[in-house]
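# Topology and contacts: notes
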Amino acid sequence: MVQFINMLLIGIGAGSIYALMAIAMVLVWRSTRVINFAQAGMALLSTYIGFELVQKTGNFWIALPLAMILGALFSALVEILLIRTLIKHSTSGPVAGIVPIIATLGLLGFIRAMIGFIWGNQDIQIQPPLSKVGFKFGEETISLSPMNLLVLLSVLAMVLVLGFIFQKTSLGLSLRASAYSPEIAQLAGIRVGAIRTIGWAIAGAAGAAAGLLQTVNGTGAVSPDSLEFSLLLTFGFIAAVIGGLESLPGAVLGAVVLGLVLAAVQIYISGTLVFIVAFALLLLVLLVRPQGFIGTKAGRRA
Amino acid sequence: MIRTNRRKLALTSAVLAVAAMTASSLPAQAASDPGVTSTSIKLGITVPMTGIASPGYNKIPGAMKAYFDYVNANGGVNGRKITLVIKDDQYIPTTAVAKANELILKDKVFALVGTLGTASTKAISASTQLAKRGIPSLFVNTGFSGFADAKAYPTTFSILPSYQMEAKIMGKFLKDKYADKKLALIYQDDDFGRDALAGFKQAGITFTTAIPYASGSQSLPATGAGWISKLKAAGTDVTVLFGVSSASTAALANAYAAGYKTQWVLGSVGGDATTIAATNKAYVPLLYGAKGFSFAPAPTDATDEYIKLFQSIYASAQPTQTFDNNVVAGMSNAFLAVQALQATGSNLTRAGLIKTIETKGATFASPFLTPLGYSASSHVGATGYWIGTYDPTGALKPDGGKYTVYTTDSGNGPVVESSYKRPAMPAKGLPN
Amino acid sequence: MLKKHPLIGFTLFGILLFLLSNRVDELRVFQGATVAIYVIAIASIILLTGYSGQVSLGHGALLAIGGYAAALARNHWGAPVWLTFVIAVLAAALGGYLLGLAAARLSGPYLAGTTLALAIGLPSIANQFPIFGGEQGLLYDIGMPPASLGEDFTQYKWYFWIASLAALLAIYWLRNVMASRYGRNWKAVRGNDVAAELAGINVGRNKVLAFTVSAGLAGLAGALLAMTISTVSPGAFPLALSFSLATGAVLSGVTTLGGVMIGAVTLVAIPEIVDTVVSRFESSDAVANNLPGLLVSTLLILTVLFVPNGPVEQLRARREHRVNK
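Residues numbered from 1 in each chain as written. Chains lettered and ligands numbered in written order. Predicted model: local features only at pLDDT ≥ 70, side-chain atom pairs only at ≥ 80, totals over all residues.

Here we take up the overall build of chain C. Of regular secondary structure, chain C possesses 13 helices and 2 strands. Each of the 325 residues in chain C was classed as buried or not, and the buried ones make up 56%. Put simply, of all contacts in chain C between residues at least 6 apart along the chain, 79% involve residues at least 24 apart. (Helix = DSSP H or I, 4+ residues; strand = E, 2+ residues; numbered from the N terminus. Buried ≥ 20, exposed ≤ 12 C-beta atoms within 10 Å, placed from the backbone. Contact = placed C-beta atoms within 7 Å.)

Following this line, the structure appears as structure tokens:
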């Protein structure tokens, strides 16, 4: 029983990390119809900036929001300098499918190399702001620590704030309109370009939070080629896709399901299977319910 | 016309063949081997300088270079100065082969040193035909026992004891010390872990709980917590960790988070406190009380004459880097390379170098606390381990206050306590 | 004349390569073999993406299938070398067919992500079953060059001959396929699958077929790659390889086979050029280690920004533009 509860807690804890990344990917997808494979690289850069800020200020709680703001600015810059030109140049034909992917892969390599230039190819360390020791119930220490709780609350806060923006504000309306039909949105007087940039900026902030929180929640170490970030990208993407790629609650749901399935496999079956199971889960969802848990049928072929 | 040409061709190739045969039966001349002149020796290394496996390992070439420069400043090897050409292979076997080819064919190095990773080492050896061309590959950094086989890899020499040796020695230790305890094992589910399983089986150890993990999965957020939850449910007393250092970190950190107490026994690959400290200093105290295995002196042991020398050389060569186990590994590797070159004498040839290690290698001066196993039939380097306990600062202190070394082989041989006493370091740390 | 009779062109190019292989040194011959292998692998991506509109970021996994199939056939059944290549093609094509069935239902980013996940998931299978030799992999020895080629005929020259011949045959065959009904169907599907469906083309089946053929080529490339490093191991087919191949395809121009050499040569040349440049200067580790990555990624970004269709297509478009004026 205790093991089962721990399994749930571990799964949800891991899922909440994937969720932050999945949210970033969904935001970018909705605003520009691009899967940003550089998202992990941008999160990594934000984490390094967060590291510098922690060094300078000595306070994680100042560093986190500042890193998110800088992450948002960088992401907006990428949209303006790279993605905008890209979309202008290649709107149709086979290149339209592959060019944005390749461009973001190029960006990923570029960011990694730049980080290597500046900070070197060794690990840097960031210490967690909260305890990672699990809460105690009587004799039993459960797999939920204040640090886990912070990640969970961040995800919740992000979903609530973004949900509010999307559903209740005119900015949200514009964001949704330009995602579904840029032409009509344009005709309706929405500045589609600016709206796209804002979508990227919010994603950049979410990615920065994902990077920093995953790092302090994990080993606390980062290097330019950090495996954690490659895995974050892949698992965040899988979560976003099984969630439907269109919806923020879907992304969170997908992430939690992924986290739970992998935790169950690890604890009850075998730790050697995690990568294969993650792939099988992705394939299964795509074949059985291509629109994801929450998503419209048309989305997949767009 | 065609016929005469054919005959000419046949004649030429016959002459060539005879010439080639004579050439190979003559003792090779110094002038004929690439990479060595009367004033210089060129060595080459391929290592992951970037990529997933790079942090930590990418300090090895710098450490080697620091020691070579020290030797050069003190007159070199028989008057020859050593240069080290460094290539980044990103831990990808295809890249490693391409880089090794550049080293051999373009840079024309005399020998390869310190190749890292089993798959890369195997690919380089087979593709560049090291054995056929007689190119020495000195002191490859992998615990796969196969490279010690002089028949299969006649020009390759290992430096590390094999994983199987380690597991056998660890197995004996577990049996002697924790006979009535519930044992658990966390291991990487590939050849690395499977070699260890074979060794444990030979030692007659059975684990109540065995937790395999896919290489890389230790970096996922849920993995470490999952292990601890399983260990807790099984109620084990002693947990053996036979994985990489990121797996050790995940296990230690999550055990701490879950308030779980167990007697940790760490393998040498993942049990290095300095590597764990490079990941996160905060984890070092968690090592306190854990058992560790090593064949080299601990990098924190400043009373060791080799460590003292290496620390001072490295501090002036790489003042911004911390001195850790990777640095000790790199400098020990360079030390043994210099020792081998020195012992070969001033008429330096590839064949001569290999012959020297095979005949004199077992008596080489070395920083290691275990005997070296080099002979004409075996190219194994260090052949055993000493066992220690981590103190609160992360220093591995030998049990019983002195280094007690156990040796064994990668086959069915027994584990025995060794009477080997490391000879004093040659003057100024320069092999003679 | 060459345009009308491509066979003559290919033969001439083959003879040129043959002559060249006797003139250059061993390292260049090895690099030449690598270029030839990249040509095949990149062509397989161009076929998939440029001609049938599907995106794969996991081609490394298909190369791995080919490499492992060839090595297993050689080690377990002692299959002759040519047969191991055939087996590699068939095994990878089968894998591609299965993947294609899933892929035909997906598009763009979904497919890219799925193939990406495959590239990450597949190597861990190699560690599951001892037959694949685990992390260190399997030996794959195609043997010495035939004695009739002479004493000083090196192993790498032999690899170069085999890889070049395979590349020439593959590209020649691919050219013909493109000009056939299948090629036209693929293009139609790529252009607009609704219109293609209306024109009576079975879109799904054509997509699967394109994936299968592409995977077969990738399998051939995988076996050849394994040949040059004499081994197969999970580490030889990392995600970085899949990304490199996609990069090579974009640098070559993804809509046409004409530029396939450009990407292949660039992938092989850049690291060496950077190495040479870096070794000239006494530069710091951080610079030396990261310059190759920086250069390749910058080149990639500039390419997609300014010549997204590739240099060859760009030149052709410019020429047409001038003619039309």
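As a further point, take the sheet that holds strand β1 (residues 40-47) of chain B. Residue and element names in this part refer to chain B. Read from one edge of the open sheet, 5 strands run β2-β1-β3-β4-β5, paired in parallel fashion. Of all strands in the sheet, those bounded by a partner on one side alone are β2 (81-88) and β5 (156-158). Strand-to-strand twist of the sheet, defined as the mean angle between neighbouring strand axes without regard to direction, takes the value 25°. Direction of pairing for strand β4 (residues 137-140) relative to β5: parallel, over a ladder of 2 bridges. Note on β5: the bridge partner recorded for Ser137 is Thr156. (Pairing = 2+ DSSP bridges. Axes fitted to C-alpha atoms, helices over the stretch in contact; angles between N-to-C directions.)

Right, let's talk about the packing of helix α5 (residues 146-168) of chain A against helix α6 (residues 170-180) of chain A for a bit. All names here are of chain A. Two elements in contact, α5 and α6, have axes separated by 5 Å at closest approach and are oriented at 80°. Viewed along their axes, α5 and α6 adopt a mutual orientation that is roughly perpendicular. Where α5 abuts α6, its residues Ile165, Phe166, Gln167 and Lys168 lie against Leu171, Gly172, Leu175 and Arg176. (Parallel < 35°, antiparallel > 145°, perpendicular 65-115°, else oblique.)

Between chain C and chain A, the contact holds 44 residues from the first and 42 residues from the second. The set of elements that each furnish at least two residues to the side of chain C that touches chain A consists of α2 (26-52), α5 (108-126), α10 (239-252) and α12 (285-306) of chain C. For the side of chain C that touches chain A, a count of residues per class yields 24 nonpolar, 18 polar and 2 charged. (Nonpolar A, V, L, I, M, F, W, Y, C, P; charged D, E, K, R; others polar.)

Here we take up the confidence of the model for chain C. Residues and elements named next belong to chain C. Looking at chain C, pLDDT values average 85 and 96% of them are 70 or higher. Predicted confidence in chain C is weakest over helix α8 (residues 193-198), with a mean pLDDT of 74, and strongest over helix α3 (residues 59-77), with 94. What the predictor reports for the complex is a pTM of 0.87 with an ipTM of 0.87. (pLDDT = per-residue confidence, 0-100.)

On the side of chain C, 28 residues touch chain B, which itself brings 33 residues to the contact. Listing elements by their share of the side of chain B that touches chain C, those giving two or more residues are α1 (2-25), α4 (93-106), α5 (118-127) and α8 (191-202) of chain B. In terms of residues, the side of chain B that touches chain C owes the most to one element, α4 of chain B, which gives 8 residues. Its residues assigned to classes, the side of chain B that touches chain C shows 16 nonpolar, 9 polar and 8 charged.

Right, let's get into unusual backbone geometry. Residues and elements named next belong to chain A. In this structure, Arg33 is a non-glycine residue whose phi angle is positive, near 60°. Counting through the fold element by element, Arg33 comes out in the loop between α1 (2-32) and α2 (39-57). Phi is positive for Leu245, which is not a glycine, with a value near 65°. Relative to the helices and strands, Leu245 resides in the loop between α9 (227-243) and α10 (248-269).

Residue and element names in this part refer to chain A. Here chain A averages 86 in pLDDT, while 95% of its residues score no lower than 70. Looking over chain A, one finds the lowest element-wise mean pLDDT in helix α7 (residues 182-187), namely 80, and the highest in α2, namely 94. Residue range residues 297-302 is modelled with pLDDT below 50. Its contacts to residues more than four positions away, or to other chains, number 12 contacts.

The next thing to look at is the pairing of β2 of chain B. Residue and element names in this part refer to chain B. Where burial is concerned, most of β2 is hidden: 6 out of the 8 residues are buried. Taken together, the 8 bridges between β1 and β2 define a ladder with parallel strand orientation. By the bridge assignment, Leu43 is partnered in β2 with Leu84.

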